[in-house]
Amino acid sequence: MLVLGFPVGPLQANCYVLARGEGEPCVVVDPGQDAAEPLRTQLAERRLTPAAVLLTHGHFDHVFSAGEICAEHGVPAHIHPADRHMLADPGSALGPAGRQLFGDGLVMDAPTDVREIAGGDVLELAGLRFEVTHTPGHTGGSVLFGVKTEEGGQLLLSGDTLFAGAIGRTDLPGGDHGRMLESLSTQVLPLDDDVVVLPGHGPTTTIGRERAGNPFLQGLPASDAIS
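Fair warning: this is a prediction, and the values are worked out from it, not measured in the lab. (Residues numbered from 1 in each chain as written. Predicted model: local features only at pLDDT ≥ 70, side-chain atom pairs only at ≥ 80, totals over all residues. Heavy atoms only, no water.)

Novice: Is there a simple way to think about the overall build of the chain in this case?
Specialist: Within the chain, the regular secondary structure consists of seven helices and 14 strands. Here the C-alpha radius of gyration of the chain, 16 Å, is about what a compact globule of 227 residues would show, namely 17 Å. Dimensions of the chain, computed from C-alpha atoms along their principal axes, come out at roughly 45 × 45 × 25 Å. When burial is assessed residue by residue, the chain has 52% of its 227 residues classed as buried. (Helix = DSSP H or I, 4+ residues; strand = E, 2+ residues; numbered from the N terminus. Rg over C-alpha atoms; globule rule 2.2 N^0.38 Å. Buried < 20%, exposed > 50% of the residue type's maximum accessible area, 1.4 Å probe, protein only.)

Here it is in structure tokens:
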């Protein structure tokens, strides 16, 4: 299995490309600001053809280039319905401080073919199987994408729900700290220690490493996972 990841844009959000191998169809996850050109380079070098775009949540630093990528390759974007409005109005999730920093003129092209996803969905794309888990907290429509590799490993595209040593902020519009803690308790902590986490920002980690050392997970009960 081929997994590529690279940070894009001023906020250095991670964009990922997953495929069964070089020369194969692929899935693009979270193509944020300034993602189009480095993504084209990666696709050309590996002879990959996008089959779909997956979005872990609707914040502009994760979705800004989705419309461009989808239009260029004629593929749909997949997002939870609670965050779909951000594709057309990225400023709606910024809050007063964010609007002051980025301005009200933040304009992007929204994908024309948008597919809504929900917790418990299984997406068969590019020969890969993505299991969707709804994890509200950072935004109302935040999701995780779980993927099992052909080699037997497990990957978790966590968006801004879980980072190495941290979790996503919950003080922006649509954020909810209580729901974030519930999502972490019911959806993240029950996962196996060897699950490799590909976060929305920062370096790769594992569930075991975060369970042992992430201060935001300390003291949280690991409840039975729910969709």
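There is more to say after this.
Novice: What am I meant to see in helix α1 (residues 36–46) here?
Specialist: Residues spaced three or four apart along an α-helix point in a common direction, a consequence of the helix completing one turn every 3.6 residues. For α1, the full list of buried residues reads Ala36, Leu39 and Leu43. Considered in projection along α1, the buried side chains sweep an arc of 65 degrees and stay on one side of the axis. Exposed side chains of α1 directed beyond 90 degrees from the buried face belong to Glu37, Ala44 and Glu45. Residues of α1 that are buried in the fold lie against β1 (2–8), β2 (13–19), β3 (25–29), β4 (49–54) and α3 (66–73). Taken from the residues just after α1, Arg47 is the one with a positive phi, measuring 55 degrees. (Arc of directions from axis to C-beta. Contact = heavy atoms within 4.5 Å.)

Novice: Would you mind going over the pairing of β3 with me for this structure?
Specialist: Successive side chains on a regular strand alternate, one facing one side of the sheet and the next facing the other. β3 sits mainly inside the fold: four of its five residues count as buried. Where β2 meets β3, four bridges bridge the pair, whose relative direction is antiparallel. Counted as the bridge partner of Leu18 is Val27 from β3. Turn length for the β2-β3 hairpin, with the two strands adjacent in sequence and antiparallel, is five residues, and the turn residue Gly23 shows positive phi of about 75 degrees. Summarising the sheet, β3 and β4 pair through five bridges and their orientation is parallel. Each residue of the ladder has a partner; that of Val29, found in β4, is Leu54. Of the crossover connections in this fold, the one passing from β3 over α1 to the parallel β4 is right-handed. (Pairing = 2+ DSSP bridges. Right-handed = clockwise from strand over helix to strand, strands pointing away.)

Novice: Where do I start with the nonpolar core in this structure?
Specialist: Taken as a class, soluble globular proteins show a tendency for nonpolar side chains to be buried jointly. Counting 26 residues, the largest nonpolar core has Val17, Leu39, Leu48, Val53, Leu55 and Leu87 as its most contacted members. Secondary structure elements with two or more residues in this core: β1, β2, β3, α1, α3 and β5 (77–79). Sorting elements by how many residues they give to this core places β1 first, with four residues. Residues in contact with Val17, not counting those within four places in the same chain, are Leu2, Val3, Leu4, Phe6, Cys26, Val27, Leu39, Leu43 and Leu48. (Core = buried A, V, L, I, M, F, W, Y, C linked by side-chain atoms within 4.5 Å.)

Novice: Whenever I open this one, the state of the cysteines confuses me. Can you help?
Specialist: Disulfides are covalent bonds that connect the sulfur atoms of two cysteines. Scanning the model with the defined rule gives zero disulfides in all. Note on Cys15: no disulfide assigned, nearest cysteine sulfur contributed by Cys26 at a separation of 9.7 Å. Using a relative accessible area of 0% as the deciding quantity, one classes Cys15 as buried. (Disulfide = S-S within 2.5 Å.)

Novice: Which parts of the structure should I look at to understand the sheet that holds strand β8 (residues 128–134)?
Specialist: On the basis of which strands lie adjacent, the open sheet formed by six strands has the order β7-β8-β9-β10-β13-β14 and mixed pairing. Every other strand in the sheet has two partners, leaving β7 (122–125) and β14 (205–206) as the edge strands with one partner each. Relative to β14, strand β13 (residues 196–199) is paired through two bridges, and the arrangement is antiparallel. Bridge pairing in β14 links Val197 to Thr205.

Novice: Is there a simple way to think about the sheet that holds β4 in this case?
Specialist: Consider a sheet: its strands pair through backbone hydrogen bonds, and that pairing is either parallel or antiparallel. Here we have six strands laid out as an open sheet, ordered β1-β2-β3-β4-β5-β6, and mixed in their pairing. What marks the edges here is a single partner per strand, and that holds for β1 and β6 (114–116). The sheet shows a mean angle of 25 degrees between the axes of neighbouring strands, taken without regard to direction. Pairing analysis gives three bridges linking β5 to β6, with the strands arranged parallel. Counted as the bridge partner of Ile79 is Glu116 from β6. Lying over the sheet, α1 contacts β1, β2, β3 and β4, oriented at roughly 160 degrees with respect to β1. (Axes fitted to C-alpha atoms, helices over the stretch in contact; angles between N-to-C directions.)

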